[in-house]
Amino acid sequence: MTGNLDNLLSQLRTTLGKMEVALGVIGEAIAWTDSEGKIQWSNATFDRLVERQRFQVLAADILELLPLQQQGRTIAREVHPLNRVLNEQKDGSDIYEYKQGDRQLFLEISWACVQFKQQQTSAVFVIHDITKRKRTEELLAIAEAKFRSLIQNSSDMICILEPDGVMQYSSPSHERILGYSPSYLMGKNAFDFIHPEDVNSALHVFTQAMQDTSNTWSVEFRFRHQDGSWRYLESTVSNLLADPSVRGMAINTRDITERKRVEAQLLHNAFHDPLTGLPNRALLMDRLRRAVEHAKRHENYQFAVLFIDLDRFKVINDSLGHTLGDQLLLEIASRLKPCLRPGDTLARFSGDEFTILLEGIKDTNDAMQVADRIQAQLRPSFELGRQEIFTTASIGIVVGDTECDRAEDILRHADIAMYRAKALGKARCEVFKVNMHNRAIALLQLETDLHLAIEREEFCLYYQPIVSLTTGWLNGFEALIRWRHPQKGLISPVDFIPIAEETGAIIPIGNWVLRQAAEQICQWQKQFPSHPPLSISINISAKQFAQPDLSYQISQVLQETGLDPNSLKLELTESILMENAECSVAILEQIKAMNIQLYMDDFGTGYSSLSYLHRFPIERLKIDRSFINLMELDNETSAIVQTIITLAHNLGMQVTAEGIEKVEQLHKLKKLGCEYGQGYFFSPPVDATVAETFLFNKRNWLSSGRIDPAIAMPKTAQNLCKLPKSSYL
């Protein structure tokens, strides 16, 4: 018996040893206490947890070895798990915090009450370190909170749809952007809120996404807001039906209403005039091109283009200011609109130019009727602030049909016709004809040749004598430009001076005339000395007069040629001086200070300058030939001439009469006290060689009589004898 008992004890010790070894290597910490909380046994994991040796652990108070906390507070002894298990005699588990040096651990403690035969109660504690799990849970919770916050505060809307379009989830941003609470949208079909015109495209993209899990799909559509308005949305669709955490179609949506509004505004701005709101040139050209293509496909279809340019708008704009000028353009746009039919296009082409595209007309008469309505609409005055303004328009018309090839050509033809209307007196309309285009091409070629004419030395000067009506002796010459074109021969100033003015070529041409005339008169003064010395009169163009360095240019010519400033007479028209009267006074004073004499040319043909005449430092008035020509027939004209002469004398000025052709005119002018004259009665403009013969012969023009142009001029120049004064430079 004793041997058997020893064997059993030995086996028990072996088994207990194995169990202790096994309990020592498992991950959970295990401790066994008596009813007082003294540790009777612990495994190695527990010893490592409390960082004690085995001999330090046995019989130690577990409350001292394992101080626990919950929610940052140390647990009182009376609520410690040991007391709970011994007092309540119940098993249980809970999670506690355990601070060990710098480490903060999270422990999941399970306990059980054990009764022995001696009626002593013991407690077994199984402790699992869940710090890593707890940290992971915390990180997941933080990540989930961040994700939820992002979703709730995102400018995008996120929703999950069932395959049939029913919403199973919608983010809170739906309420902020669309006015619907997530609870309201749950169970609703998203496609019931989409604009009827956009449903098919949205369904198409949704169906594609249902069939393709590898890509995302985008679509734009209008979605009904809770207030009934429509918002533009852009959605990206992802198929997450196979994702167990989603099991639906994920829709990420953003509100693009403002972007659409800006895009629409930019598109409108790109094709509309910012001042009037009318279509601009780009939109007009687009519609004109479509009209041309339509005409090519339908032989009975006709359209017309009206090119409208306001007459004298620059004068209005400069005198009243750009603000009132813009108001006038707005008023004109509003008057033009009623002249059109539905479907016609009224565009602001540029500046003061408007263009109308008339589609589906019968013939040219339809376009002419619209032009007549426009002229009638513009006839009444415009009230701008306290100003009453009158304006007219020149209109060019071109009718397009199946022969039209390019929209640009049609517009150019309308522009050519408009300029023809301006040339014929303004306030009228002209229908384009082929010869107008040919003339425009010829003018373009002439403009090109004009820029090369100075380099090629194709210009020359002609000189018209200016005679003293008192003594009959030659006082000087007026220098007049001529152009000897290498192919076209002599070109009338009537044909090239307006082009030179428009293109700015008049500036170098005018400077050339000034220098050439100064050199010539200096040569004649040395060759034919007289008292007073011969003078030269030179016309100054409007663009020349507007040059800020005009005084410097004149002084340079005088210095380089050696011409006495008293021998130089500059002629300016009344309209040039009155363009900006205050500025003109200052410029004239600068020139006058150089001892240069100033003449007012074509007096009486411009608008009234009487209020400024006494302020201009003018030595001589030149009466326009139009008054001289009518002196014999019209007593009123004679009275006007007498008034001009009297006015000039009262202001201390002398007078030159232009265009004297008959002896009767000469006698009347002498009787009225006119000091000087020029015209065909004395001589037409002649070249320098003929002019020298006058100087050599020392003619007295009153006693010798008229010079025959055929004798005085070469044959090649005789065709210029009848040029009007407007052709002179």
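Being a predicted model, the structure only gives us computed values, none of them experimental.

**Some remarks on the overall build of the chain**
- Secondary structure summary: the chain contains 29 helices and 28 strands in total.
- Classification of the 729 residues of the chain by burial places 46% in the buried group.
- The contacts in the chain between residues at least 6 apart in sequence include a share of 60% that link residues at least 24 apart.
- As displayed, the chain offers around 37900 Å² of accessible surface, 52% of which is attributable to carbon and sulfur atoms.

**As for empty space enclosed by the protein**
- By the definition in use, this model includes two cavities of 30 Å³ or more.
- Approximately 240 Å³ is the volume attributed to the largest cavity.
- Looking at side-chain class alone, the lining of the largest cavity contains 17 nonpolar, three polar and no charged residues.
- Taken as a whole, the second largest cavity holds about 30 Å³ of empty space.
- Its residues placed into classes, the lining of the second largest cavity shows seven nonpolar, one polar and no charged.

**Section: helix α27 (residues 688-697)**
- Among all positions in α27, only V690, A691, F694 and L695 are buried. For α27, the buried positions fall inside an angular range of 150 degrees around the axis, keeping them on one side. In this structure, α27 carries T689 and F696 as exposed residues pointing more than 90 degrees from its buried face.
- The first or second residue beyond α27 is K698, which carries a positive phi of 50 degrees.

**A few points about the pairing of strand β7 (residues 121-129)**
- Two elements, strand β1 (residues 29-33) and β7, share five bridges in a ladder whose sense is antiparallel. Counted as the bridge partner of I30 is V126 from β7.
- With nine bridges connecting them, strand β6 (residues 103-115) and β7 associate as antiparallel partners. Its bridge partner being in β7, W111 is matched across the sheet by F125.

**Re the environment of V434**
- Mapped onto the secondary structure, V434 falls in helix α16 (residues 434-453).
- Overall, V434 belongs to the exposed group, its relative accessible area being 60%.
- Sequence spacing of V434 and H413 is 21 residues, and the spatial spacing of their C-alpha atoms is 8.7 Å.

**Regarding the sheet that holds strand β14 (residues 345-350)**
- With respect to topology, five strands assemble into an open sheet ordered β14-β15-β13-β18-β19, the strand pairing being mixed. Where the open sheet ends on each side, the last strands, each with one partner, are β14 and β19 (429-431). Shown here is a sheet whose adjacent strand axes are inclined to one another by a mean of 20 degrees, direction ignored.
- Relative to strand β15 (residues 353-359), β14 runs antiparallel, the two sharing five bridges. Counterpart to R348 in the pairing with β15 is F354.
- Across the face of the sheet, helix α13 (residues 322-336) comes into contact with β13 (303-310), β14 and β15 while running at roughly 15 degrees to β15.
- Contacts from helix α14 (residues 364-378) reach β13, β15, β18 (393-400) and β19 within the one sheet, and its direction differs from that of β18 by about 165 degrees.

**A few points about the sheet that holds strand β11 (residues 230-240)**
- Read from one edge to the other, the open sheet built from five strands follows the order β9-β8-β12-β11-β10, with strand pairing classed as antiparallel. What marks the edges here is a single partner per strand, and that holds for β9 (167-170) and β10 (217-224). Here the average twist between neighbouring strands, direction ignored, is 30 degrees.
- Alignment of strand β8 (residues 157-161) against strand β12 (residues 248-255), held across five bridges, turns out to be antiparallel. Directly across from I160, in β12, lies its bridge partner A250.
- Strand contacts of helix α9 (residues 199-211): β8, β10, β11 and β12, with the helix running at about 140 degrees to β10, the strand carrying the most contacts.
- This element, helix α10 (residues 257-271), spans β10, β11 and β12 of the sheet and lies at about 125 degrees to β11.

**Topic: the confidence of the model for the chain**
- Per-chain confidence: the chain averages 84 in pLDDT, with 88% of residues scoring 70 or above.
- Across the chain, the element-wise mean pLDDT spans from 42 in helix α29 (residues 709-712) up to 95 in strand β28 (residues 676-677).

**What to know about the packing of aromatic side chains**
- Summed over all chains, the structure comprises 15 aromatic pairs.
- Taking 6.2 Å as the distance between ring centres and 75 degrees as the angle between the ring planes, the aromatic pair formed by Y463 and F477 counts as edge-to-face. Residue Y463 is found in strand β20 (residues 459-468), and its partner F477 is found in strand β21 (residues 474-485); the two are separated by 14 residues along the sequence. The residues Y463 and F477 share a single accessibility class, namely buried.

**Overview of unusual backbone geometry**
- P532 follows H531 through a cis peptide bond whose omega is 0 degrees.
- Of note, P532 is situated in the loop between α18 (506-527) and β23 (535-539).
- The phi dihedral of N595 is positive, around 70 degrees, even though this residue is not glycine.
- Along the polypeptide, N595 turns up in the loop between α22 (581-592) and β25 (597-603).

**Section: the packing of helix α12 (residues 313-320) against α13**
- It is at 6 Å that the axes of α12 and α13 come closest, and there the two elements cross at 135 degrees. Accordingly, the angle class assigned to the pair α12 and α13 is oblique. Touching F313, I316, N317 and L320 of α12 are H322, L324, G325, L328 and L329, all from α13.
- Residue composition of the contact of α12 with α13, grouped by class: six nonpolar, three polar and no charged.

**Focus: the nonpolar core**
- Ranked by internal contacts, the top residues of the largest apolar core, which has 83 residues, are I554, L568 and L570.
- No other element matches α18, which puts 10 residues into this core.
- Each residue touching L570, except ones within four places of it in the same chain, is listed here: L514, I538, I540, I554, I591, I596, Q597, L598 and Y599.
- By size, the runner-up hydrophobic cluster in this structure holds 32 residues, among which are A304, F313, I356 and I395.

**Things to note about helix α26 (residues 663-672)**
- Taken as a whole, α26 has its buried residues at Q665, L666 and L669. An end-on view of α26 places all buried positions within 100 degrees of arc, on one side of the element.
- Once α26 finishes, G673 follows within two positions and takes phi at roughly 90 degrees, a positive value.

**A few points about the side chain of S551**
- Mapped onto the elements, S551 comes out in helix α20 (residues 550-561).
- Filtering out sequence-adjacent residues up to four positions away, S551 remains in contact with Q590, I591 and M594.

Reading guide: rules and limits
- Residues numbered from 1 in each chain as written.
- Predicted model: local features only at pLDDT ≥ 70, side-chain atom pairs only at ≥ 80, totals over all residues.
- Heavy atoms only, no water.
- Helix = DSSP H or I, 4+ residues; strand = E, 2+ residues; numbered from the N terminus.
- Buried < 20%, exposed > 50% of the residue type's maximum accessible area, 1.4 Å probe, protein only.
- Contact = heavy atoms within 4.5 Å.
- Areas by Shrake-Rupley, 256 points an atom, 1.4 Å probe, with all protein chains shown as cover.
- 1 Å grid on protein atoms, 1.4 Å probe; cavity = no way out; pocket = protein on both sides within 12 Å on 5 of 7 lines; lining within 4 Å.
- Points joined across faces, edges and corners; volume = space filled by probe spheres on them.
- Nonpolar A, V, L, I, M, F, W, Y, C, P; charged D, E, K, R; others polar.
- Arc of directions from axis to C-beta.
- Pairing = 2+ DSSP bridges.
- Axes fitted to C-alpha atoms, helices over the stretch in contact; angles between N-to-C directions.
- pLDDT = per-residue confidence, 0-100.
- Phe/Tyr/Trp six-rings, centres within 6.5 Å; stacked < 30°, edge-to-face > 60°.
- Parallel < 35°, antiparallel > 145°, perpendicular 65-115°, else oblique.
- Core = buried A, V, L, I, M, F, W, Y, C linked by side-chain atoms within 4.5 Å.

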